[in-house]
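Topology and contacts: notes
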There are 8 protein chains.
Amino acid sequence: MTADAARQILESVRNGTLDVDQAVEKLRRLPFEDLGFARLDHHRGVRTGVPEVVYCSGKTRTQVRDIVARLYEQGDAPVLATRAEPEMLDVVREAVQDTVYFDSARILVAGPERLVRKPNYDGSYVAVVSAGTADLPVADEAAVTLTYLGDRVERLYDVGVAGLHRLLGSLDLLMAARCLVVVAGMEGALPSVVGGLVGCPVVAVPTSVGYGAAFGGLASLLGMLNTCASGVAVVNIDNGFGAAVFASLVNGRGDS
Amino acid sequence: MTADAARQILESVRNGTLDVDQAVEKLRRLPFEDLGFARLDHHRGVRTGVPEVVYCSGKTRTQVRDIVARLYEQGDAPVLATRAEPEMLDVVREAVQDTVYFDSARILVAGPERLVRKPNYDGSYVAVVSAGTADLPVADEAAVTLTYLGDRVERLYDVGVAGLHRLLGSLDLLMAARCLVVVAGMEGALPSVVGGLVGCPVVAVPTSVGYGAAFGGLASLLGMLNTCASGVAVVNIDNGFGAAVFASLVNGRGDS
Amino acid sequence: MTADAARQILESVRNGTLDVDQAVEKLRRLPFEDLGFARLDHHRGVRTGVPEVVYCSGKTRTQVRDIVARLYEQGDAPVLATRAEPEMLDVVREAVQDTVYFDSARILVAGPERLVRKPNYDGSYVAVVSAGTADLPVADEAAVTLTYLGDRVERLYDVGVAGLHRLLGSLDLLMAARCLVVVAGMEGALPSVVGGLVGCPVVAVPTSVGYGAAFGGLASLLGMLNTCASGVAVVNIDNGFGAAVFASLVNGRGDS
Amino acid sequence: MTADAARQILESVRNGTLDVDQAVEKLRRLPFEDLGFARLDHHRGVRTGVPEVVYCSGKTRTQVRDIVARLYEQGDAPVLATRAEPEMLDVVREAVQDTVYFDSARILVAGPERLVRKPNYDGSYVAVVSAGTADLPVADEAAVTLTYLGDRVERLYDVGVAGLHRLLGSLDLLMAARCLVVVAGMEGALPSVVGGLVGCPVVAVPTSVGYGAAFGGLASLLGMLNTCASGVAVVNIDNGFGAAVFASLVNGRGDS
Amino acid sequence: MTADAARQILESVRNGTLDVDQAVEKLRRLPFEDLGFARLDHHRGVRTGVPEVVYCSGKTRTQVRDIVARLYEQGDAPVLATRAEPEMLDVVREAVQDTVYFDSARILVAGPERLVRKPNYDGSYVAVVSAGTADLPVADEAAVTLTYLGDRVERLYDVGVAGLHRLLGSLDLLMAARCLVVVAGMEGALPSVVGGLVGCPVVAVPTSVGYGAAFGGLASLLGMLNTCASGVAVVNIDNGFGAAVFASLVNGRGDS
Amino acid sequence: MTADAARQILESVRNGTLDVDQAVEKLRRLPFEDLGFARLDHHRGVRTGVPEVVYCSGKTRTQVRDIVARLYEQGDAPVLATRAEPEMLDVVREAVQDTVYFDSARILVAGPERLVRKPNYDGSYVAVVSAGTADLPVADEAAVTLTYLGDRVERLYDVGVAGLHRLLGSLDLLMAARCLVVVAGMEGALPSVVGGLVGCPVVAVPTSVGYGAAFGGLASLLGMLNTCASGVAVVNIDNGFGAAVFASLVNGRGDS
Amino acid sequence: MTADAARQILESVRNGTLDVDQAVEKLRRLPFEDLGFARLDHHRGVRTGVPEVVYCSGKTRTQVRDIVARLYEQGDAPVLATRAEPEMLDVVREAVQDTVYFDSARILVAGPERLVRKPNYDGSYVAVVSAGTADLPVADEAAVTLTYLGDRVERLYDVGVAGLHRLLGSLDLLMAARCLVVVAGMEGALPSVVGGLVGCPVVAVPTSVGYGAAFGGLASLLGMLNTCASGVAVVNIDNGFGAAVFASLVNGRGDS
Amino acid sequence: MTADAARQILESVRNGTLDVDQAVEKLRRLPFEDLGFARLDHHRGVRTGVPEVVYCSGKTRTQVRDIVARLYEQGDAPVLATRAEPEMLDVVREAVQDTVYFDSARILVAGPERLVRKPNYDGSYVAVVSAGTADLPVADEAAVTLTYLGDRVERLYDVGVAGLHRLLGSLDLLMAARCLVVVAGMEGALPSVVGGLVGCPVVAVPTSVGYGAAFGGLASLLGMLNTCASGVAVVNIDNGFGAAVFASLVNGRGDS
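Conventions and cut-offs
Residues numbered from 1 in each chain as written. Chains lettered and ligands numbered in written order. Predicted model: local features only at pLDDT ≥ 70, side-chain atom pairs only at ≥ 80, totals over all residues. Heavy atoms only, no water. Helix = DSSP H or I, 4+ residues; strand = E, 2+ residues; numbered from the N terminus. Buried < 20%, exposed > 50% of the residue type's maximum accessible area, 1.4 Å probe, protein only. Areas by Shrake-Rupley, 256 points an atom, 1.4 Å probe, with all protein chains shown as cover. Disulfide = S-S within 2.5 Å. Least-squares fit on C-alpha atoms with pLDDT ≥ 70 in both. Contact = heavy atoms within 4.5 Å. Buried area = accessible area lost by both parts, 1.4 Å probe. Salt bridge = Lys/Arg side-chain N within 4 Å of Asp/Glu carboxyl O. Polar contact = N/O pair within 3.5 Å; in protein donor to acceptor, adjacent residues only side chain to side chain. Nonpolar A, V, L, I, M, F, W, Y, C, P; charged D, E, K, R; others polar. Pairing = 2+ DSSP bridges. Axes fitted to C-alpha atoms, helices over the stretch in contact; angles between N-to-C directions. Domains from an automatic or database assignment. Phe/Tyr/Trp six-rings, centres within 6.5 Å; stacked < 30°, edge-to-face > 60°. Lys NZ or Arg CZ within 6 Å of the ring centre and 35° of its normal. Parallel < 35°, antiparallel > 145°, perpendicular 65-115°, else oblique. Left-handed = near helix turned anticlockwise from the far one by under 90°. Right-handed = clockwise from strand over helix to strand, strands pointing away.

Our focus in this paragraph is the overall build of chain A. Broken down by element type, chain A carries 11 helices and 9 strands. A burial count over chain A gives 60% of its 256 residues as buried. By element, 48% of the accessible surface of chain A is carried by carbon and sulfur atoms, the whole surface being about 9200 Å².

Now for the state of the cysteines. Following the criterion strictly, the structure yields 0 disulfides over all chains and no others. The thiol of Cys56 of chain B is not disulfide-bonded; the next cysteine sulfur, from Cys228 of chain C, is found 18 Å away. Unpaired in terms of disulfides, Cys228 of chain D finds its nearest cysteine sulfur in Cys228 of chain C, a separation of 15 Å.

On to the relation of the copies chain D and chain C. Note on the copies: chain D fits chain C at an RMSD of 0.2 Å, the axial shift is 0.1 Å, and the rotation between them is 180 degrees. In symmetry terms, the pair is related by a two-fold rotation axis. Proximity to the rotation axis, assessed at the C-alpha, singles out Ala189 of chain D in chain D; its C-alpha lies 2.6 Å from the axis. Here 100% of the contact residues of chain D are again contact residues in chain C; the copies associate through an equivalent surface.

This brings us to the interface of chain A and chain F. With 33 residues of chain A at the contact, the number on the chain F side is 33 residues. Of the roughly 2900 Å² buried where chain A meets chain F, counting both sides, 62% is carbon and sulfur surface. There are 0 salt bridges connecting chain A and chain F. Summed over the shared surface of chain A and chain F, the result is 7 residue pairs in polar contact (both at pLDDT 80 or more). Among the secondary structure elements, those contributing two or more residues to the side of chain A that touches chain F are helix H3 (38-48), helix H8 (171-175), strand S8 (202-206), helix H10 (218-225), strand S9 (232-234) and helix H11 (240-252) of chain A. The biggest single contributor to the side of chain A that touches chain F is H11 of chain A, with 4 residues. A class-by-class count of the residues in the side of chain A that touches chain F yields 22 nonpolar, 8 polar and 3 charged.

Moving on, we get to the sheet that holds strand S3 (residues 99-102) of chain D. All names here are of chain D. With respect to topology, 4 strands assemble into an open sheet ordered S1-S2-S4-S3, the strand pairing being mixed. The strands lining the two open edges of the sheet, one partner per strand, are strand S1 (54-55) and S3. As paired elements, S1 and strand S2 (residues 79-82) share 2 bridges and run parallel to each other. When the sheet's bridge partners are listed, Tyr55 is paired in S2 with Thr82. In the packing of helix H5 (residues 88-95) onto the sheet, the strands contacted are S3 and strand S4 (107-110), and the crossing angle to S3 comes to about 160 degrees.

Residue and element names in this part refer to chain A. Per the domain assignment, the segments making up chain A are domain 1 (3-114) and domain 2 (126-251). Between domain 1 and domain 2, the contact holds 16 residues from the first and 14 residues from the second. Each partner contributes to the roughly 1200 Å² buried at the junction of domain 1 and domain 2, and carbon and sulfur atoms together form 67% of this total. Linking domain 1 with domain 2 are 2 salt bridges. The partner of Glu141 in a salt bridge is Arg83, with the nearest N and O atoms 3.1 Å apart. Counting every contact that joins domain 1 to domain 2 gives 4 residue pairs in polar contact (both at pLDDT 80 or more). Within the residue set of the side of domain 1 that touches domain 2, elements represented by two or more residues are H3 and strand S2 (79-82). Examining the composition of the side of domain 1 that touches domain 2, we find that 3 residues originate from one element, S2, more than from any other. The residue makeup of the side of domain 1 that touches domain 2, split by class, is 9 nonpolar, 4 polar and 3 charged.

Okay, the sheet that holds strand S3 (residues 99-102) of chain E next. Residues and elements named next belong to chain E. The sheet built from 4 strands is open, its strands ordered S1-S2-S4-S3 with mixed pairing. Each having just a single partner strand, strand S1 (54-55) and S3 make up the two edges of the open sheet. Pairing of strand S2 (residues 79-82) with strand S4 (residues 107-110) involves 3 bridges; the strand directions are antiparallel. Looking at S4, one finds that Ala81 is bridged to Leu108.

This brings us to the interface of chain D and chain C. Quoted interface sizes are often the accessible area lost when the parts come together. Contact with chain D, which involves 24 residues of that partner, is made by 24 residues of chain C. Carbon and sulfur atoms supply 72% of the area that chain D and chain C bury against each other, a total of about 1900 Å² over both sides. Linking chain D with chain C are 10 residue pairs in polar contact (both at pLDDT 80 or more). Elements with a minimum of two residues in the side of chain D that touches chain C: helix H7 (164-168), helix H9 (190-195) and helix H10 (218-225) of chain D.

This part is about the packing of aromatic side chains. Considering all chains together, one arrives at 12 aromatic pairs over all chains under this definition. Measuring from centroid to centroid gives 6.1 Å for Tyr211 of chain A and Tyr55 of chain C, while their planes differ by 25 degrees, and the two rings are stacked. Highlighted residues: Tyr211 of chain A in the loop between S8 and H10 and Tyr55 of chain C in strand S1 (residues 54-55), drawn from two different chains. In this structure Tyr55 of chain C comes out as partly exposed when scored by relative accessible area, which is 32%. The cationic tip of Arg83 of chain D hangs over the ring face of Tyr211 of chain H; the distance from NZ or CZ to the ring centre is 4.7 Å.

Moving on, we get to the pattern of salt bridges. Residues and elements named next belong to chain A. Under the criterion given, the structure shown has 64 salt bridges over all chains. Asp66 is the salt-bridge partner of Arg65, the closest N and O atoms lying 3.0 Å from each other. Asp66 gets classed as partly exposed once you look at its relative accessible area, which sits at 43%. Taken together, the shared-partner salt bridges connect Arg65, Asp66 and Glu94 into one network.

What follows covers the packing of helix H4 (residues 61-73) of chain E against helix H5 (residues 88-95) of chain E. Residues and elements named next belong to chain E. It is the contact of H4 with H5, at a shortest axis distance of 9 Å, that shows an interaxial angle of 40 degrees. Put simply, H4 runs oblique to H5. The handedness of the crossing between H4 and H5 is right-handed. Along the contact surface, H4 presents Arg61, Thr62, Val64, Arg65, Val68 and Ala69, while H5 presents Met88, Val91, Val92, Glu94 and Ala95. Counted by class, the contact of H4 with H5 contains 7 nonpolar, 1 polar and 3 charged residues.

One way to put it is that helix H10 (residues 218-225) of chain E packs onto helix H10 (residues 218-225) of chain H with a least axis distance of 8 Å and a crossing angle of 125 degrees. Put simply, H10 of chain E runs oblique to H10 of chain H. H10 of chain E and H10 of chain H meet at a crossing whose hand is left-handed. Along the contact surface, H10 of chain E presents Leu218, Ala219 and Leu222 of chain E, while H10 of chain H presents Leu218, Ala219 and Leu222 of chain H. Taken together, the residues of the contact of H10 of chain E with H10 of chain H sort by class into 6 nonpolar, no polar and no charged.

All names here are of chain D. Side chains of S4 alternate between two faces, with Ile107 and Val109 and Leu108 and Ala110 buried alike. Where S3 lies against S4, 4 bridges are found, and the strand directions are antiparallel. Each residue of the ladder has a partner; that of Phe102, found in S4, is Ile107. Connecting S3 to the antiparallel partner S4 that follows it, the hairpin turn spans 4 residues, and Arg106 within it adopts a positive phi of roughly 55 degrees.

For a regular strand, the rule is simple: side chains alternate between the two faces of the sheet. Residues and elements named next belong to chain A. The element strand S7 (residues 179-184) is largely enclosed, with a buried count of 6 among its 6 residues. Side chains of S7 alternate between two faces, with Cys179, Val181 and Val183 and Leu180, Val182 and Ala184 buried alike. One ladder, built from 5 bridges, connects strand S5 (residues 125-130) with S7; its direction is parallel. Paired with Val129 across the two strands is Val182, which belongs to S7. Bridge analysis of S7 against S8 gives 5 bridges, and the strand direction is parallel. By the bridge assignment for S8, Val181 is matched with Val203. You can see the chain leave S7, run along helix H9 (residues 190-195) and come back into S8, and the turn it takes is right-handed.

Listed below in structure tokens is the structure:
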């Protein structure tokens with residue numbers, strides 16, 4: 001992890017056993033990592049608050065357990081594991097007793113008590129807004145991830161565009177947020193409507209909720225990409241986690 | 001056009017020169033038209049008020065002129081021609097002097113003075129609602145067609161979902177209509193929002209307005225088909241004419 | 001639910017403790033709901049006869065039971081639940097004994113005896129027409145929903161375009177309807193043929209019946225959207241429920 | 001063109017200057033063509049009556065002229081050139097005076113007087129059926145090609161499914177054909193309806209006629225592939241020529 | 001089923017109790033079926049040899065059993081049922097003991113001993129050609145159906161284009177056929193290669209064999225539609241049955 | 001524009017001519033706009049700095065001129081017009097002399113001298129990063145829009161992933177930005193690579209640059225939506241303007 | 001398998017019982033195989049080292065066992081079987097005891113001890129590079145196949161573009177390879193980045209790893225086809241086997 | 001271009017004015033380029049022989065002229081410019097007199113006389129194979145590029161799969177090549193057929209030749225990706241240039 005190779009070259013220069021031209025040449029040929037670029041990876045954890053997250057889909061329960069345990073032991077707790085089945089909780093607890101499972105969000109957190117609130121936790125917040133009850137898992141994935149990242153979260157669920165009064169009734173909550181995560185399936189119209197009402201960035205999350213010509217979320221994805229409201233950007237279908245990380249980056253600078 | 005063949009068979013039966021079994025056999029073998037089914041075609045004009053409409057796209061100016069002239073001479077005036085270029089007006093007037101052109105709707109009408117209002121013209125109406133200024137040609141195609149069919153029309157334009165207050169400010173107009181034609185491009189969210197506010201059928205018209213992932217109207221089409229509001233049905237992209245005919249059929253029974 | 005906030009402002013005006021300008025300003029800032037816009041939601045039930053319908057897909061049996069029970073207790077009976085599996089019947093009956101299941105339509109109705117016929121039940125009707133036996137579940141979803149909404153329904157099944165004589169043999173039934181719901185999979189040609197024969201609005205429902213290049217209903221959906229018959233509008237693939245609500249809105253004004 | 005190489009080997013065997021094993025080995029190593037497989041190409045012209053057809057799309061006028069002239073001089077007249085612009089006629093006539101142009105079919109024929117009718121020309125025929133007037137170019141491409149191939153052709157145009165009586169009025173013509181070429185754009189429903197009425201093979205040709213969700217002929221192509229009628233097969237969008245060649249092969253064997 | 005209504009009208013004319021004009025009017029108003037058009041349906045069975053075929057996909061075993069039994073009792077044997085699971089055999093035998101199952105073709109035939117060969121059975125034949133072993137079920141569906149329809153069938157399997165010598169080694173068999181059914185998945189190139197070698201119509205059947213960018217048969221479907229060989233037409237993905245019916249219609253006229 | 005209706009009701013309450021219950025009822029029935037919700041629209045301009053932007057695509061030069069002039073006269077200068085052809089400059093100058101045209105960005109600005117820098121202009125900035133020279137118009141549309149919105153902009157162009165060293169050479173500029181707008185066509189890989197290097201939100205803009213399987217920007221759009229880097233969100237193809245508005249909202253809160 | 005038919009003809013020529021012209025004619029009519037073209041098939045095995053590979057997908061365990069056994073007995077060992085389930089190992093061992101299973105690659109090899117290294121095994125190598133852990137099965141399918149084909153393989157896994165330092169840290173390994181197989185799902189950006197760094201051919205393998213708008217690998221496939229790096233070609237989604245065969249052909253000429 | 005910054009750090013270390021730890025830290029913070037990674041770019045030209053190629057599509061004639069001139073002056077001649085219109089020749093010659101234009105390939109080369117053949121020019125070669133005459137521009141783009149890169153090229157054109165004898169007649173040419181570039185539109189079957197005949201890598205190039213369901217080259221692209229022949233990899237639609245660069249990399253190592 002230290003830049004030993006570079007250091008040796010430098011010491012040779014200082015000792016006079018290597019001249020400068022030779023040293024330049026040697027430095028050029030070093031593999032990048034030896035120059036210490038592993039710092040990039042470390043830096044990554046520092047800046048996003050997501051040192052390494054476990055995406056469980058396609059992994060066996062014991063694989064998830066082992067990866068979580070390794071990260072936990074490295075001191076990276078709390079460790080987040082997304083798209084986790086309920087049955088994984090018991091298996092992971094074999095390794096890390098202090099693990100909880102968020103049902104609707106399908107998220108495991110090992111070492112939840114180590115969650116530390118950001119300094120401005122009671123200040124700026126991200127609001128997670130969802131259209132229908134079937135969008136709940138994606139909305140909760142976003143909300144739990146935001147909490148894990150130290151952001152204050154407000155939830156406003158089941159405010160689809162076919163019942164506008166519910167949405168309009170919470171206008172104040174929407175307008176005071178630093179960033180919105182707006183989750184919707186079917187025609188995906190909610191980000192357009194919300195985007196026309198508020199003055200903060202809207203991160204739109206299409207979901208695979210729907211049938212027939214919804215084509216697995218394609219309809220809501222296209223709807224959101226073609227929004228007539230400005231101030232809206234889109235993530236992948238069902239990607240509540242990605243939206244949360246993005247929103248946290250928007251929200252985060254306020255407190256640093 | 002008359003059922004001469006059938007008549008001859010029947011006369012032979014009456015004269016006794018043909019027995020009943022033979023007559024049944026002969027009747028079965030007659031081409032359909034000879035049995036008078038041309039009534040179907042006639043009936044079509046009677047019921048929809050659209051005896052025959054000229055779709056100009058892909059036709060030359062002289063072809064349009066000749067078809068309009070023939071229909072006009074058959075007494076089918078007023079004759080409607082959709083998707084007409086402005087230059088067609090002068091050419092058609094060579095044949096039918098009494099022709100007007102509706103610019104934004106791209107519609108020619110030959111014999112407009114013969115337009116007769118329906119008995120309930122001041123009663124139930126169809127409202128044509130559109131999202132953006134670029135949707136105007138399609139909305140006007142619907143509105144002019146409805147007028148041509150004898151329906152009362154109210155227009156509510158430029159009320160896209162990114163500026164909800166404009167839409168909500170005309171709620172009364174929307175709620176009192178017998179049927180709505182709602183025209184929108186881009187993400188096509190307007191029918192969903194309108195469908196959640198009103199209690200009449202909403203005929204949604206996606207338009208090809210947009211760029212990039214709008215894919216020529218595919219985004220708004222999918223959005224409308226996946227609407228979370230019930231009471232919404234959809235026609236082809238840019239098909240203002242078809243939406244108007246449909247809406248007129250919904251509106252029409254009220255006065256018959 | 002009451003407009004308490006608005007009332008307090010008004011009382012302050014009457015008491016002279018608030019002047020008119022201040023009151024206007026305060027009213028503007030109130031959340032919408034406090035101004036009583038919940039009436040919109042109530043209004044919704046009144047106008048469509050669909051106070052709230054349970055879409056079972058993706059819900060557990062106990063979730064369905066609990067939602068149905070809550071709606072039933074609110075007096076919203078009969079309660080309709082679509083896309084219900086047969087096994088849900090027994091579970092829902094734990095909460096509402098008076099529940100029936102419509103097999104082919106995959107619909108549960110809690111409190112069916114409270115179904116009240118519309119005044120004109122024996123008058124205008126909606127005909128549900130389907131192409132093949134595999135389209136039955138979607139056609140029945142439409143038919144049962146229409147009955148639930150108080151509409152008179154006539155069914156004409158298995159009249160696909162490859163056997164025209166069956167369709168033509170029931171022409172009178174088709175031509176006398178106020179509205180048609182036409183259900184077809186595969187190439188989805190039936191609405192075009194029917195639309196050319198009748199003078200009422202045709203609500204076309206593509207189904208996912210087919211294989212290979214049917215692409216889950218895409219072929220029939222595109223076929224219906226591109227119909228050469230005017231007077232046809234389309235709903236989502238397999239959306240018998242939505243077609244029924246739309247048709248009921250068309251049919252309903254006749255009797256009010 | 002002759003199998004000279006093979007002949008030389010054989011003569012060496014006869015002369016005793018090459019033994020059999022060596023000859024077998026030599027034969028194996030010969031390029032295919034030297035063994036006389038060019039007969040395949042010749043055979044092709046004999047069997048289909050289409051020795052070589054010029055597809056003009058993307059070729060310049062002089063290129064078309066030169067290719068037509070070369071084929072004409074080889075004695076392959078009449079020479080057919082499809083997708084030809086009207087302006088090509090004069091240019092081709094510079095080389096082959098005896099050339100005609102079929103306007104609606106966009107086909108040039110050099111040496112038309114050499115067209116020879118098949119022995120059974122007045123016997124079995126192919127009927128070309130089309131849905132709308134905009135499908136005319138494709139239908140005529142098929143009809144002119146069939147005539148060129150020596151087949152008897154009957155045309156039945158403008159019999160789209162939205163006006164069934166016209167189709168049913170010509171049932172006898174349809175039922176007596178050896179093969180049908182059925183041309184339709186938009187929803188492409190005509191082959192399904194026709195296929196359910198007749199007992200001969202139906203070659204379906206989707207056209208690019210339509211707009212919006214027709215997606216350049218995709219809608220009619222999918223419709224025809226998913227037909228509920230058996231006895232229907234499909235060619236590429238707008239491929240009137242290919243349908244004609246196929247139909248001629250069906251029709252041709254009867255008389256040979 | 002008889003044209004009773006028409007007969008009564010005719011008898012009244014003969015009796016003088018109805019004059020000719022009134023009779024014409026009455027005939028026009030009769031439902032189509034009463035005029036005896038049920039003959040169309042009967043005619044269908046006569047012409048294609050496929051009175052009614054059972055498509056098992058999506059039907060329960062007892063439904064299949066009951067439908068097969070009903071058709072068998074009507075004297076329509078042998079009865080063909082396609083896309084049948086092996087387990088259906090025992091269930092169908094409860095109703096019709098004399099039933100066999102063709103494993104690879106997934107076809108049930110009730111009453112196979114009643115299969116009657118066409119007069120020219122030893123004459124013209126249809127060759128079924130397939131590319132890979134995974135295409136076998138579709139090829140066999142075609143071959144068994146052709147046998148059922150009375151056609152002579154020759155099979156040439158596993159001759160994909162990546163091993164041309166196998167195909168070229170059977171050129172004689174291909175060139176002497178009246179019609180070819182060519183079955184291929186993946187890139188679907190076989191019909192193009194075969195179509196360039198033979199002089200009879202080629203019915204191409206794309207299969208869903210493949211993975212990744214095969215997109216469930218889309219790749220082979222598009223390949224076949226865009227074939228550079230003339231004389232090729234295409235049916236739906238995996239539609240061995242439809243190809244067989246079409247090929248039988250091509251082959252059939254030779255012997256009638 | 002004033003809330004006159006509400007005021008009248010309130011005055012009646014104060015006067016005692018209307019009691020509170022009646023007033024509540026009346027308020028509920030008022031059209032939304034009368035309650036002053038026009039403030040929403042006003043608010044929109046205030047919050048985003050984009051009072052109303054002219055999208056020129058599909059508008060005539062005189063239409064653009066008139067709209068720009070009207071907005072300019074309302075005091076909304078500077079007025080931004082996107083997707084403007086160069087020829088529009090002279091026409092718009094007829095109405096507003098003080099207009100400039102940004103060539104590569106295809107943007108007109110009327111009243112550019114009124115541009116006011118944000119208080120923190122020399123502080124946090126948005127970096128606009130682009131992959132290839134063909135992406136320049138979209139990147140410049142973003143950069144000019146950001147300048148118009150008062151944001152400090154840094155540009156880093158032509159740093160596509162096929163020449164990583166150029167990108168890595170400017171790492172410091174990337175890592176110090178508050179937000180990145182990353183523009184790329186073809187495979188759209190740049191946002192993934194950048195997103196893995198930096199700790200701020202990345203707004204990805206796919207462009208229609210490319211050919212063949214780029215499908216008009218679909219390839220880069222899908223690439224960006226499926227990015228393996230977290231912290232990336234996507235706008236519509238070629239939507240440099242939308243990305244800029246979004247990035248400005250992210251950047252803007254820092255200084256308020 | 002021998003060219004007996006050709007030999008007989010030649011012997012007749014030598015004997016004088018057949019003259020040369022007749023012999024030429026007879027040779028032309030021989031089926032291709034009789035002329036010994038089976039050598040093509042044999043040649044295939046020689047040149048690629050893949051005499052025949054078993055693709056297990058869709059085959060039963062006993063089918064796989066029997067095919068492997070037959071090939072093994074023909075002396076074609078080692079026999080490779082791809083896409084094999086773990087359960088197949090025991091079944092295949094019934095026939096060929098000496099069989100091993102490569103778990104992550106899902107590959108069975110019967111007769112592994114017969115694997116012979118190429119002469120230059122320690123010379124030029126193919127590097128298999130993969131983006132994420134979920135791409136492992138495809139990468140291992142490629143690596144095991146390369147080993148089976150006698151190529152030296154170096155693996156570089158988990159070097160996705162979101163963590164560039166890992167990739168850059170192994171630059172020397174990449175730059176010294178004769179050919180690269182680069183495996184990636186999601187946005188598929190890795191081949192573009194690698195292609196810009198190295199000077200050897202890059203065979204890109206998109207995988208179906210991802211969700212939502214990954215559309216089963218379509219996103220990575222399109223990304224790779226539109227790469228801005230030259231020197232990249234693409235195989236089907238998840239086709240590790242095909243990429244390995246291709247890379248082996250590139251690598252192989254070096255040692256022959 | 002030199003690593004001056006690194007050198008200064010090293011000299012300070014040697015001088016003792018900077019200790020090793022500080023030096024390591026400073027080195028880490030240097031922009032990448034200062035560490036000399038510009039060598040990557042230089043290396044790129046060395047290894048592929050394509051220092052920088054001008055892609056003319058979307059550039060004006062003067063832009064092309066100026067870029068070509070700059071590269072020429074840098075000594076990078078010959079300079080290749082692809083997708084060039086004929087009219088560009090005269091304009092480029094204003095700057096570089098010694099420029100030629102390859103018509104069918106749409107390629108400009110400035111400084112063609114500087115083309116230097118590879119040492120093994122008369123040894124291993126790449127064969128460019130194309131299916132139809134319309135594929136010529138793409139095939140020639142590949143062939144001219146290969147010549148420019150110093151590779152020996154053999155052309156085999158117009159050997160589409162519908163006329164197999166032409167392809168088989170040139171089998172020796174195909175089998176002796178080091179690499180094949182196979183170009184085809186429509187169904188794109190040629191690479192599959194060729195891939196089954198030869199033992200070298202096949203680089204497949206789909207073209208946009210075709211109409212209707214060719215969907216701009218999608219059909220041939222999918223066909224080639226799903227090839228049943230192993231040893232085939234695919235580049236983007238119409239990308240003759242990319243295929244040539246790839247093939248040159250395959251061919252090139254043999255002689256170095």
